[in-house]
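Okay, here's what each chain looks like letter by letter:
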Amino acid sequence: MPAPLPPTTPALSRRIADATRTGLGHARTGLAASRAHAGRVRGHARDMFAPLLHLGRGFRREVAWARTWWKEATPDRRKGALVGAVAVGVLLYFLPYGPLLALGALMAGAAWLGRDRTPPPPPGPPPGDNRLQAIYNGLVPHLADTHDPDARFEAGAAHSKAFEHHEFDGDQLTRLELRYSPYFADDDPEARHRIERVIEAKAGRAREYLYGWDTEANRLTVAALPPLPGPVPAQPYVTAPCEIVLGFTDPTSTNRLIPVTTSTAADADPDPDGTQLPPVVWRTGTRTNAPHLLAVGGPASGKTTLLRTIAVQTLRDGDVLAVDATGSGDFACLAGRAGVLRVETTQNGAREALTWLREETARRAAAIAEAKRSGRAAPEDARRPLCVLLDEPADLADPDVHTLLDLPLRLGRTTHISIVATARPAQLDRLHPGLLSETHTRVALGPLDAATRAAALGSAPGIAGGEGVPAGRGYARVGGGPVIRLQTPYTPDPLEDDTPDADRARVLALLPPVAAQGALPVHGTETEAAATAPSLVKTI
Ligand SMILES: Nc1ncnc2c1ncn2[C@@H]1O[C@H](COP(=O)(O)OP(=O)(O)OP(=O)(O)O)[C@@H](O)[C@H]1O
């Protein structure tokens, strides 16, 4: 009698189940490996015997052809063929190498007949065709027009009806030229924006596109823009006096290149030799028609970093007055440096600084006018570049403070005074009208909607798309020129804890030394501001 099986416990059942699972897994893996091996052997055998298989197929076809001919031939033709075959056989028998020649002919015929006769697959649609058709279909609701004599956009039509030229890089659309109905309202920004959004949605939102609207020829050219170089670390730039590098742009947007070092603290492979990049240069002083600048961007879009970039460049041959209406102390690194007249962070301090600025403008204007009257060169202290940094001046509560800016804004060019202001998009409505009308150099940073970007730049950029715009990336419009892309340099606050050491050292090396007469403090309170107010006017 067989011994009774021991009772199964839950642990034992689990072990049995695990063992079964492991066994099954091994069996499955083994089976898959043997299948793969068999497949490989089959493949090798097929390659090795390919000529024989080819000939065999040819012989079969020869036999099949002969059989069909025999079946379909009339008795007379069969007889004729038999006689002919016997005659040829006899002839070959007596001919030197005759049988060998016959065998060769038979094999040549088999080789010919055994060739692969499967027709090549019909050519598929050209690469990117589906994408182009998707763009076309997306545009039909916006561009279909029953009045269009050429009916270029119609539901169900092929994209070639309207798309005249396209270029792809792999499966990425890089260029598209299309024609649209002459009745399309191509001068309406809203209508244009709708078309651009459809194209971006279907061609890929990750890249930026340059739109060229030729309203005379009813033609739209879309060009995908390559990514701009990443942030360039703060460094001294090769520029003329009164030239400020705001950042870098596309090579097609400027005809100038300057040498720069592109490696940052995070780079494992430093780049001591540098490279040449196309700069966005803003000119201040008398030879410009746009001595004032307004930078617009949302929170943490890089506005203050841009102001620091401008400050360190101005301090090479000019003075800086910084008014931080946000009170965040982002310009503390400038305080007390040679050439930095004052760093203000309070409302009272801002009023005093701007009052001094108005008086300084009047003094410079009078000195320059007097010098001109008497036929002398303007005195040095009336010509020294002065850059006034106003971080978010819309936060200055006292409306009278803003009017103090009117004179410096108006006389900035002749008195070598430049005002650089920043604003958040929501502050644009509250900004002093003078700041809007006199700042002809504009910068828009970070992600902004199309309408805000156009309002900030004073003109629609003609470039759209590109998701997730990082801090320091945006657009610039210098002196009413075209809107161009901009990547600002990375000039972080050296006093911030999280600034990498190499970047901190780089920015500190660019700043002038602490002034001999003693550092001016960053005023945290209005009392401190009042206490230091007399030292505001710098004696030159
Ligand atoms: N060009 C740049 N390259 C790399 N990082 C940058 C660049 N510009 C700014 N940043 C980073 O983005 C963050 C925000 O920058 P910043 O303080 O200048 O923005 P902001 O617009 O002044 O912000 P807020 O309006 O909140 O004061 C910082 O960490 C800064 O280091």
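From a predicted model like this one, the values you see are computed outputs, not experimental measurements.

Novice: Give me the lowdown on the sheet that holds strand β3 (residues 208-214), citing residues and values where you can.
Specialist: With respect to topology, five strands assemble into an open sheet ordered β1-β2-β4-β3-β15, the strand pairing being antiparallel. Single-partner strands in this sheet number two, and they are β1 (163-169) and β15 (463-465). Neighbouring strand axes in the sheet, compared pairwise and without regard to direction, differ in orientation by 20° on average.

Novice: Can you break down the pairing of β1 residue by residue, with the values?
Specialist: Here six bridges tie β1 to strand β2 (residues 172-179), and the two strands are oriented antiparallel to one another. Looking at β2, one finds that H165 is bridged to E177. Linking β1 back to β2 in an antiparallel pair, the connection comprises two residues, with G170 at a positive phi of about 65°.

Novice: Give me helix α5 (residues 129-143): which residues, what numbers.
Specialist: In a regular helix each residue adds 1.5 Å, so 15 residues correspond to 21 Å; α5 covers 20 Å between its end C-alpha atoms and thus fits that length. Among the residues making up α5, those that are buried are L132, I135, Y136, L139 and L143.

Novice: Give me the lowdown on the packing of helix α2 (residues 50-72) against helix α4 (residues 98-113), citing residues and values where you can.
Specialist: As a packed pair, α2 and α4 sit with axes 7 Å apart at the nearest point and diverge in direction by 100°. Taken together, the axes of α2 and α4 lie roughly perpendicular to each other. Taking contact as the criterion, the partners of H54, L55, G58, F59, R61 and E62 in α2 are, on α4, M107, G109, A110, A111, W112 and L113.

Novice: Hey, could you go over the site of the ligand for me, with residue numbers and the actual values?
Specialist: For the ligand, the set of nearby residues contains 15 residues, the closest of which are P231, G302, T304, A471 and G472. A class-by-class count of the residues in the shell around the ligand yields seven nonpolar, seven polar and one charged.

Novice: Could you give an account of the packing of helix α8 (residues 347-373) against helix α11 (residues 406-415), naming the residues involved and the relevant values?
Specialist: At a closest axis distance of 10 Å, the pairing of α8 and α11 adopts a crossing angle of 40°. Here α8 is positioned oblique relative to α11, judged by the angle of their axes. Note on packing geometry: the crossing formed by α8 with α11 is left-handed. For the pair α8 and α11, the contacting residues are L357, R358, T361, A362, R364, A365 and I368 in the first and L407, P408, L411, T414 and T415 in the second. When its residues are assigned to classes, the contact of α8 with α11 shows seven nonpolar, three polar and two charged.

Novice: Hey, could you go over the UniProt feature "domain: FtsK" (unreviewed entry) in the protein chain for me, with residue numbers and the actual values?
Specialist: Under the UniProt annotation, "domain: FtsK" (unreviewed entry) lies at residues 277-454. A distance of 26 Å separates the end C-alpha atoms of residues 277-454, which is 39% helix and 22% strand.

Novice: So, the UniProt feature "transmembrane region" (unreviewed entry) in the protein chain: which residues are in play, and what are the values?
Specialist: Per the UniProt record, "transmembrane region" (unreviewed entry) is annotated on residues 80-113. Taken end to end, residues 80-113 is 91% helix and 0% strand, and its first and last C-alpha atoms sit 24 Å apart.

Novice: Lay out the pairing of β2 with the relevant residues and their values.
Specialist: The side chains of a regular strand alternate, residue by residue, between the two faces of the sheet. Both β2 and strand β4 (residues 219-225) contribute to a ladder of five bridges, which runs antiparallel. Within β4, the position partnered with L178 by the bridge is L220.

Novice: Account for α8, with residues named and values stated.
Specialist: Relative to the 39 Å expected for 27 residues at 1.5 Å per residue, α8 spans 39 Å between its end C-alpha atoms, a close match to the ideal helical length. For α8, every residue scored as buried is listed here: G349, A350, E352, A353, L354, L357, E360, T361, R364 and I368. In the segment just after α8, G375 is the residue with positive phi, at about 70°.

Novice: Can you tell me about unusual backbone geometry, naming the residues and giving the values?
Specialist: The backbone of A151 sits at a positive phi, close to 40°, despite the residue not being glycine. Take A151: it is sitting in the loop between α5 and β1. For H416, which is not glycine, the phi torsion reads 60° and is therefore positive. Position of H416 relative to the elements: it lies in the loop between α11 and β13 (417-423).

Novice: Describe the nonpolar core, and please don't skip the residues or the numbers.
Specialist: Counting 68 residues, the largest nonpolar core has A311, V320, V388, L389 and V420 as the members making the most contacts within it. Ignoring anything within four residues of it in the chain, the contact list for V388 reads L321, L357, P408, I417, S418, I419 and V420. Core analysis: the next-biggest nonpolar cluster, separate from the first, contains 22 residues, L143, L173, L178 and A464 among them.

Novice: Summarise the domain arrangement of the protein chain; cite the residues concerned and give the values.
Specialist: For the protein chain, the assigned domains are domain 1 (50-113), domain 2 (129-218) and domain 3 (243-536). One C-alpha centre belongs to domain 2, the other to domain 3, and the line joining them spans 40 Å. In this complex, domain 2 contributes eleven residues to the contact, which on the side of domain 3 involves eight residues. When residues of the side of domain 2 that touches domain 3 are traced back to their parent elements, those giving at least two are α6 (189-203) and β3. When grouped by side-chain class, the residues that make up the side of domain 2 that touches domain 3 number five nonpolar, one polar and five charged.

Reading the values: the criteria
- Each chain carries its own residue numbering, running from 1 in the direction its sequence is written.
- Residues qualify for local features only when their pLDDT is at least 70, as the model is predicted, and side-chain atom pairs are given and counted only at 80 or more; totals for whole chains, interfaces and linings, by contrast, use all residues.
- Paired strands, as defined in this entry, are two strands with at least two bridges between them according to DSSP.
- Strands are runs of DSSP state E lasting at least 2 residues, helices are runs of H or I lasting at least 4, and numbering of each runs from the N terminus.
- Here an axis means a line fitted to C-alpha atoms, over the contact stretch when the element is a helix, while the angle between two N-to-C directions is reported on a 0 to 180 degree scale.
- Each residue after the first adds 1.5 Å to the expected span of a helix.
- Exposure is read from a count of other C-beta atoms within 10 Å of each residue's own; the residue is exposed at 12 or fewer, buried at 20 or more and partly exposed in between. C-beta atoms are placed from the backbone.
- Orientation categories follow fixed angle ranges, with anything under 35 degrees roughly parallel, anything over 145 roughly antiparallel, 65 to 115 roughly perpendicular, and all other angles oblique.
- Here, residues touch in the contact sense if the C-beta positions derived from the backbone fall within 7 Å of one another.
- Put plainly, near means the residue's C-beta atom, positioned from the backbone, lies within 6 Å of the molecule or strand in question.
- Any residue that is not Ala, Val, Leu, Ile, Met, Phe, Trp, Tyr, Cys, Pro, Asp, Glu, Lys or Arg is counted as polar, Gly included; the first ten are nonpolar and the last four charged.
- By definition, any crossing whose near helix is turned counterclockwise from its far helix by less than a right angle is left-handed, and any crossing with a clockwise turn is right-handed.
- UniProt positions are given in the numbering used here, feature names are shortened, and annotations may be inferred rather than shown by experiment.
- A set of buried Ala, Val, Leu, Ile, Met, Phe, Trp, Tyr and Cys residues, joined to one another through C-beta atoms within 7 Å, is what we call a nonpolar core.
- Throughout, the edges of the domains are those of an automatic or database domain assignment.

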